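# Working through the structure, step by step
Read off the chains here:
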There are 2 protein chains.
Amino acid sequence: MYVPTFDDVLAAHERIKPYIHRTPVMTSATFDGMTGAKLFFKCENLQKAGAFKVRGATNAVFSLTEEEAKRGVVTHSSGNHALSLSRAASFRGISCTVVMPETAPQAKLDAVRGYGGEVITCAPSLQAREETLADLVERTGGNFVHPYNDHRVIAGQGTCSVELIDQVGALDAVIAPIGGGGMVSGTSLSMAALSTGTKVYAAEPKNADDAYRSFKAGHIIEDDAPDTVADGLKVSLRDLTFHIISNHVTDILTVTEEQIIEAMRLIWQRMKIVVEPSSAVTLAAIFAHPEIFEGKRVGVILTGGNVDLNKLPWLPKAA
Amino acid sequence: MYVPTFDDVLAAHERIKPYIHRTPVMTSATFDGMTGAKLFFKCENLQKAGAFKVRGATNAVFSLTEEEAKRGVVTHSSGNHALSLSRAASFRGISCTVVMPETAPQAKLDAVRGYGGEVITCAPSLQAREETLADLVERTGGNFVHPYNDHRVIAGQGTCSVELIDQVGALDAVIAPIGGGGMVSGTSLSMAALSTGTKVYAAEPKNADDAYRSFKAGHIIEDDAPDTVADGLKVSLRDLTFHIISNHVTDILTVTEEQIIEAMRLIWQRMKIVVEPSSAVTLAAIFAHPEIFEGKRVGVILTGGNVDLNKLPWLPKAA
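Here's a quick rundown of the structure. (Residues numbered from 1 in each chain as written. Chains lettered and ligands numbered in written order. Predicted model: local features only at pLDDT ≥ 70, side-chain atom pairs only at ≥ 80, totals over all residues. Heavy atoms only, no water.)

## Topic: the overall build of chain A
Within chain A one finds 14 helices and ten strands. Over its C-alpha atoms chain A spans a radius of gyration of 18 Å, differing by no more than 12% from the 20 Å that the globule rule assigns to 319 residues. If one aligns the C-alpha atoms of chain A with their principal axes, the spans along those axes are about 55 × 50 × 40 Å. Counting all 319 residues of chain A, 58% fall into the buried class. Contacts spanning at least 24 positions in sequence make up 72% of the contacts within chain A whose residues lie at least 6 apart. When the accessible surface of chain A is split by element, carbon and sulfur atoms take 49% of a total near 12500 Å². (Helix = DSSP H or I, 4+ residues; strand = E, 2+ residues; numbered from the N terminus. Rg over C-alpha atoms; globule rule 2.2 N^0.38 Å. Buried < 20%, exposed > 50% of the residue type's maximum accessible area, 1.4 Å probe, protein only. Contact = heavy atoms within 4.5 Å. Areas by Shrake-Rupley, 256 points an atom, 1.4 Å probe, with all protein chains shown as cover.)

## Re the sheet that holds strand 9 (residues 249-255) of chain B
Strand pairs in the sheet, formed through backbone hydrogen bonds, run parallel or antiparallel to each other. All names here are of chain B. Judged by pairing direction, the sheet is mixed, and its six strands sit side by side in the order 1-2-10-7-8-9 without closing on themselves. Both outer strands of the open sheet, strand 1 (25-26) and strand 9, are each paired with one neighbouring strand and no more. Here five bridges tie strand 7 (residues 173-177) to strand 8 (residues 199-205), and the two strands are oriented parallel to one another. Looking at the pairing, Ile175 lines up with Tyr201 of strand 8. Against the sheet, helix 13 (residues 277-288) makes contact with strand 2 (38-43), strand 7, strand 8, strand 9 and strand 10 (297-302), and its axis sits at roughly 150° relative to strand 10, the strand it touches most. (Pairing = 2+ DSSP bridges. Axes fitted to C-alpha atoms, helices over the stretch in contact; angles between N-to-C directions.)

## A short note on the interface of chain B and chain A
Every contact between the two is made by 22 residues of chain B and, on the other side, 22 residues of chain A. Per-residue buried area on chain B facing chain A is highest for Lys272, Leu309 and Leu315 of chain B; these three make up 39% of the total on that side. Remark: the boundary between chain B and chain A carries zero salt bridges. Connecting chain B to chain A are eight residue pairs in polar contact (both at pLDDT 80 or more). At five residues, helix 12 (residues 257-271) of chain B tops the list of elements feeding residues into the side of chain B that touches chain A. Tallied by class, the residues present in the side of chain B that touches chain A amount to twelve nonpolar, six polar and four charged. (Buried area = accessible area lost by both parts, 1.4 Å probe. Salt bridge = Lys/Arg side-chain N within 4 Å of Asp/Glu carboxyl O. Polar contact = N/O pair within 3.5 Å; in protein donor to acceptor, adjacent residues only side chain to side chain. Nonpolar A, V, L, I, M, F, W, Y, C, P; charged D, E, K, R; others polar.)

## Side note on unusual backbone geometry
Note on backbone geometry: most residues besides glycine have negative phi, and most peptide bonds are trans. For Lys272 of chain A, which is not glycine, the phi dihedral falls at a positive 60°. Assignment of secondary structure puts Lys272 of chain A in the loop between helix 12 (257-271) and helix 13 (277-288). On the accessibility criterion, Lys272 of chain A (8% relative accessible area) is buried. One non-glycine residue, Ala49 of chain B, adopts positive backbone phi at about 60°.

## As for the pairing of strand 9 of chain B
Residue and element names in this part refer to chain B. Counting buried positions along strand 9 yields five of seven residues, so the element is predominantly enclosed. Bridge analysis of strand 8 against strand 9 gives six bridges, and the strand direction is parallel. Paired with Ala202 across the two strands is Ile252, which belongs to strand 9.

## Comments concerning the pattern of salt bridges
All names here are of chain A. The full count for this structure, using the stated rule, is 30 salt bridges over all chains. Residues Glu44 and Arg55 are paired through a salt bridge, measuring 2.7 Å at the closest nitrogen-oxygen approach. Remark: Arg55 occurs in helix 3 (residues 53-63) and Glu44 occurs in the loop between strand 2 (38-43) and helix 3; sequence separation between them is eleven residues. Given a relative accessible area of 0%, Glu44 falls into the buried group. Look at Arg55 and you get buried, because its relative accessible area is 0%.

## Describing helix 7 (residues 126-140) of chain B
All names here are of chain B. With 15 residues, helix 7 should reach 21 Å at 1.5 Å per residue; the first-to-last C-alpha distance of 21 Å fits that figure. For helix 7, every residue scored as buried is listed here: Ala128, Thr132, Leu133 and Leu136. Viewed along the axis of helix 7, the buried residues span an arc of 125°, placing them on a single side of the element. Away from its buried face, by an angle of more than 90 degrees, helix 7 presents the exposed residues Leu126, Gln127 and Glu138. If you follow the buried residues of helix 7, they end up packed against strand 3 (73-76), strand 4 (96-101), strand 5 (118-122) and strand 6 (143-144). (Expected span 1.5 Å × (residues − 1). Arc of directions from axis to C-beta.)

## Points about the side chain of Ser190 of chain B
Structurally, Ser190 of chain B can be placed in helix 9 (residues 182-194). Setting aside anything within four residues of it in sequence, one finds Ser190 of chain B in contact with Phe6, Val9, Gly158, Ser161, Val162 and Ser195 of chain B.

## Some details on the packing of helix 3 (residues 53-63) of chain B against helix 8 (residues 151-168) of chain B
Residue and element names in this part refer to chain B. Viewed as axis vectors pointing N to C, helix 3 and helix 8 meet at an angle of 130°, and their least axial separation amounts to 7 Å. As judged from the angle between their axes, helix 3 and helix 8 are oblique. Where helix 3 crosses over helix 8, the two elements pack in a sense that is right-handed. Along its contact with helix 3, which presents Lys53, Arg55, Gly56, Asn59, Ala60 and Ser63, the element helix 8 presents Arg152, Val153, Ala155, Gly156, Gln157, Thr159, Cys160 and Glu163. By residue class, the composition of the contact of helix 3 with helix 8 is four nonpolar, six polar and four charged. (Parallel < 35°, antiparallel > 145°, perpendicular 65-115°, else oblique. Left-handed = near helix turned anticlockwise from the far one by under 90°.)

## Points about the environment of Ser185 of chain A
Residues and elements named next belong to chain A. On the secondary structure map, Ser185 appears in helix 9 (residues 182-194). Of the residues examined, Ser185 reaches a relative accessible area of 0% and is grouped as buried. Through-space distance from the C-alpha of Ser185 to that of Ile94 is 28 Å; in sequence the pair is 91 residues apart. Those residues within four positions of Ser185 in sequence are excluded, and the remaining contacts are Ile154, Thr241, Ile244 and Ile245.

## Points about the sheet that holds strand 4 (residues 96-101) of chain A
Residue and element names in this part refer to chain A. Taken in spatial order, the four strands line up as 5-4-3-6 in an open sheet, and their pairing is parallel. Two strands close off the open sheet at either side, each with one partner strand: strand 5 (118-122) and strand 6 (143-144). Where strand 4 and strand 5 come together, five bridges link them in parallel fashion. Looking across to strand 5, one finds that Val99 is bridged to Ile120. Across the sheet, helix 7 (residues 126-140) lies against strand 3 (73-76), strand 4, strand 5 and strand 6, angled at about 175° from strand 3, the strand it touches most.

## As for the packing of aromatic side chains
If you walk through the whole model with that rule in mind, you get 13 aromatic pairs over all chains. Taking 5.1 Å as the distance between ring centres and 85° as the angle between the ring planes, the aromatic pair formed by Trp268 of chain A and Trp314 of chain A counts as edge-to-face. Placement of the pair is Trp268 of chain A in helix 12 and Trp314 of chain A in the segment after strand 10 (297-302), with a sequence separation of 46 residues. Comparing Trp268 of chain A with Trp314 of chain A, the two get one shared label, buried. Taken together, the ring pairs connect Trp268 and Trp314 of chain A together with Trp268 and Trp314 of chain B into an aromatic cluster. (Phe/Tyr/Trp six-rings, centres within 6.5 Å; stacked < 30°, edge-to-face > 60°.)

## Thoughts on the state of the cysteines
Residues and elements named next belong to chain A. What the rule picks out here adds up to zero disulfides over all chains. The closest cysteine sulfur to the non-disulfide-bonded Cys122 is located on Cys96, 15 Å from its own sulfur. For Cys122, a relative accessible area of 6% gives the class buried. (Disulfide = S-S within 2.5 Å.)

Structure, rendered in structure tokens:
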């Protein structure tokens, strides 16, 4: 297991700069007033392809040697990572194949294809997914880019905090949502090098609190089938992200579905930006634990803005 | 009738700077690709109180002499102007009274009060509104700040384009929504001084096309009771705005309700920002008239982001 370093983060930043936005940092007098903290929102919802995932995926694709690149990249994901990997592969002019369950919504298949990716469907089970992927790698020699348990991906995600510190200066704390732990791991690497006094917090839905339980137990605990509105956060930690998080994170804070939805609605209403539920878990955690953040300068990573505008979680569900 | 000049705009900018945001300009590769134009979106939805109206209202309040200020300000409006005027008055420490129809939603009354304004309700007719306002002015000596037909308000709105040109340089065209014409008038003053080659376009809902018809006819035509999703654009031109617009605007482009709603949804989906329907009228007009804008550098004023998140126009109405 290769644990990436801050040098890897800096190299990633140089590598991906032509393909990503340096996203803006927003502030909110309203939320500062509500929390007593000074909050700096890093707006990865305004990132290319609508989420921070483009950072890690692009770094992985442009880290490949010419020989490796010829055989393309492969992954399994139905979300932002698949889009981002497809996009990066098309910039490099190589193939990208994504294994997705045959039950995935047509819109997600179309989105991957829209970014130039190829989709292979499989039965909707973990075993089918892993077998299909293994078969694909064996057949094509494609380079597998895991959505988060990959040192190139983690180094890429770390570039977000390099920009944040450059944009706003030293911070007392930073908070990011945790699913598989790629963003939190990358954030940890950057803060440890650039702003050593910054405490790193992760925010997680109570309904998918496997990272919280793993962190407290000292070993990885997997959730079977978590059910949360923050659908980007349903996955579990893996060895690499668990290692980095165990060593760097101060605490993991959990919040209810109601708290997530209310924070999401408030961000839309007051900041006038579109964020996905996973992004709102951070602000919800700050509202739920004001004593941790009061009087502090806090970085808040808004991870993405890809939502179905026809299905907003605060509205009654269509019959 | 005093017609404001560009010097008034510059004076307004110095006066209001401490109380407003210099809002960011966003670009969109997606919309550039769809239109063949290079679009620069001036994000007044990210302005204080969620709309450009804060510029003109703040300029009016801080233009008052000490003697005038003591008697406070008054207006009639149930929208963003009332909030903005209340906010500016509270910064100056003077009173602000808003005449609103007794049928106005409680949320709007609460919003004005939340910004420190006082509300006087009247019967929901034009006559009742004007009588109530006249009585209020006579009784208090308060300074009436019309939502748009006021040289101080127009000069304030013009500051938006001063920033835009400073941020992106010369433009071939600029387009703003038109209701009463305050923003389009201010934009015209600034462009005529700063970027003389810039053609000024206005965009208007077909369902409330009184400005279009007035512009073509050469005299003010009022709509009786226009019905459009762009509820900020239901009002009519007045003498001062009509005068400036007649002299400066190249054309007024009209769009259907469906075009407005689709452009609004696309802005949310692709740019990840919350804009109100009135703001989307501009992009809808560019989509509807690509031949005018193709190959051009175009400023697009996104005027505000105050929407009811429970009533989005692309969703089926709740029973």
